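What the coordinates show
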Amino acid sequence: MTFTAAEQAAIDAHSAALGLSADEYIRRTAADRALSWQREREAFQAMAQRRGCTAEELLQRGTLTDKSL
């Protein structure tokens with residue numbers, strides 16, 4: 001994988017601050033993001049199932065709203 005100079009500098013700085021090699025930092029970060037995405041997707045699918053539709057139908061209907069506002 002190739003990073004821009006700015007990306008590599010940011011990775012190097014953050015991984016050093018955490019006491020990790022750049023490779024370990026990239027591995028952990030990628031795994032964390034992938035697992036987080038998977039949990040969110042599963043939760044969204046469960047919500048759609050409770051409403052009796054697919055996740056795609058839920059999005060198409062526009063029934064997903066943010067009630068925190």
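For the structure, check the block above.
Report on the accompanying structure.

Topic: the overall build of the protein chain
A tally of regular secondary structure across the protein chain gives three helices and zero strands. For the protein chain, the N- to C-terminal ordering of α and β elements is α-α-α. Surface accessibility of the protein chain: about 5700 Å² in total, with carbon and sulfur atoms responsible for 55%.

Thoughts on the packing of helix α1 (residues 5–18) against helix α2 (residues 22–50)
In the contact formed by α1 and α2, the axes pass within 9 Å of each other and the chain directions differ by 95 degrees. Compared by their axis directions, α1 and α2 come out roughly perpendicular. Together, Gln8, Ile11, Asp12, His14, Ser15 and Leu18 of α1 and Ala22, Tyr25 and Ile26 of α2 make up the contact between the two elements. Residue composition of the contact of α1 with α2, grouped by class: five nonpolar, three polar and one charged.

Focus on the pattern of salt bridges
Enumeration over the complete set of coordinates arrives at two salt bridges. Glu24 serves as the salt-bridge partner of Arg27, at 2.8 Å between the closest nitrogen and oxygen. With Arg27 and Glu24 both in helix α2, this residue pair falls three residues apart, about one helical turn. On the basis of relative accessible area, Arg27 is assigned to the partly exposed category, the value being 47%. Looking at Glu24, the relative accessible area reads 23%, which means it is partly exposed. Three or more residues are tied together by salt bridges with common partners; here these are Glu24, Arg27 and Arg28.

The rules behind the values
- Residues numbered from 1 in each chain as written.
- Predicted model: local features only at pLDDT ≥ 70, side-chain atom pairs only at ≥ 80, totals over all residues.
- Heavy atoms only, no water.
- Helix = DSSP H or I, 4+ residues; strand = E, 2+ residues; numbered from the N terminus.
- Areas by Shrake-Rupley, 256 points an atom, 1.4 Å probe, with all protein chains shown as cover.
- Axes fitted to C-alpha atoms, helices over the stretch in contact; angles between N-to-C directions.
- Parallel < 35°, antiparallel > 145°, perpendicular 65-115°, else oblique.
- Contact = heavy atoms within 4.5 Å.
- Nonpolar A, V, L, I, M, F, W, Y, C, P; charged D, E, K, R; others polar.
- Salt bridge = Lys/Arg side-chain N within 4 Å of Asp/Glu carboxyl O.
- Buried < 20%, exposed > 50% of the residue type's maximum accessible area, 1.4 Å probe, protein only.

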